[in-house]
Amino acid sequence: MNVIFIAPPAAGKGTQASMLSKDYNLYHLSTGDLLREVSHSDGELATTVKELIDNGKLVNDELMFKLLKEKVSSLSNNNGIIFDGIPRTLEQVRLLDEMLKSMNQKVDFVIYLDVDEDVARKRATGRVTCPKCNTIYNIYFDSFDEENKCNKCKTELSKREDDTIEKFNHRFNTYLLNTKPVINYYNSLGKLSIIKNIGTKYDIYENIKSVIDKGNI
Ligand SMILES: [Zn+2]
């Protein structure tokens, strides 16, 4: 059973993928993790991949699928794969189909985690941490006994320099725009399930599970 996970930034994809991976014994194949793994290996492509990552460049499809094939053929003892991070373009859809076909497999489910832009933005830009006890808070979702201080140890909270609101908006909308053709394609095949980001992570997970359990009967 092969599942594709598609989700905009800060949709909680990692959490859902890891729960699904455990319950169904699926290998969670994140292209980001794979590239980091390859860049730290002694393989012949390590330097090439490391240079691309360090320069903020994208790995082209040819190289990406070469790495994917190697990874997939090295796997055993699992019931399938969760693809996370790929496919993002119709060309990658085609290459993935081709790769799976050559292994007598196919894409069984495509899960789209639909997150409200406002929620995603708050998640991505509201993170603060306590430098002393490392507790992570979100300024939009947590309440504080004292403004900007850790509830546990009263230390001043610090903001991680990652996404600014502007940067996040751009990243989010670019993602939607780019993945639209992919989503439409899987929808036309009847493989797409849209899971709304409502309730706790367990509620969301139950919805994903029911899609898969229904499809497996
Ligand atoms: Zn603290």
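Structure first, text after, so check above.
This one's a predicted model, so the numbers in the text were calculated from it and none came from an experiment. (Residues numbered from 1 in each chain as written. Predicted model: local features only at pLDDT ≥ 70, side-chain atom pairs only at ≥ 80, totals over all residues.)

Undergrad: Could you clarify how one ought to interpret the overall build of the protein in this entry?
TA: Counting its secondary structure elements, the protein contains eight helices and eight strands. C-alpha atoms of the protein, sized along the principal axes, occupy 60 × 45 × 35 Å. Burial statistics for the protein: of 217 residues in total, 22% are counted as buried. Of all intrachain contacts in the protein linking residues separated by at least 6 positions in sequence, the fraction that spans at least 24 positions is 70%. (Helix = DSSP H or I, 4+ residues; strand = E, 2+ residues; numbered from the N terminus. Buried ≥ 20, exposed ≤ 12 C-beta atoms within 10 Å, placed from the backbone. Contact = placed C-beta atoms within 7 Å.)

Undergrad: Quick question: what am I supposed to make of unusual backbone geometry here?
TA: With an omega of 0 degrees, the peptide bond between I86 and P87 qualifies as cis. Counting through the fold element by element, P87 comes out in the loop between β3 (81–84) and α5 (90–101). Even without a glycine there, the phi angle at N25 is positive, about 50 degrees. The residue N25 is located in the loop between α1 (13–24) and β2 (27–30) in this model. Phi at K154 is positive, roughly 65 degrees, even though this residue is not glycine. Looking at the secondary structure, you find K154 in the loop between β6 (136–138) and β7 (158–159). Overall, the presence of 11 C-beta atoms within 10 Å leaves K154 in the exposed class.

Undergrad: What should I look at first to understand the nonpolar core in this one?
TA: Side chains of a nonpolar character, in soluble globular proteins, are inclined to be buried together. Judged by nonpolar contacts, the single largest core of 33 residues is most densely connected at F5, I82 and I111. Of all the secondary-structure elements, those providing two or more residues to this core are β1 (2–6), α1, α2 (31–39), β3, β4 (109–114), α6 (117–125), α7 (165–188) and α8 (201–216). No other element matches the five residues that β4 contributes to this core. Not counting residues within four places of it along the chain, the set of residues in contact with I111 comprises V3, F5, S193, I195, I208 and V211. (Core = buried A, V, L, I, M, F, W, Y, C linked by C-beta atoms within 7 Å.)

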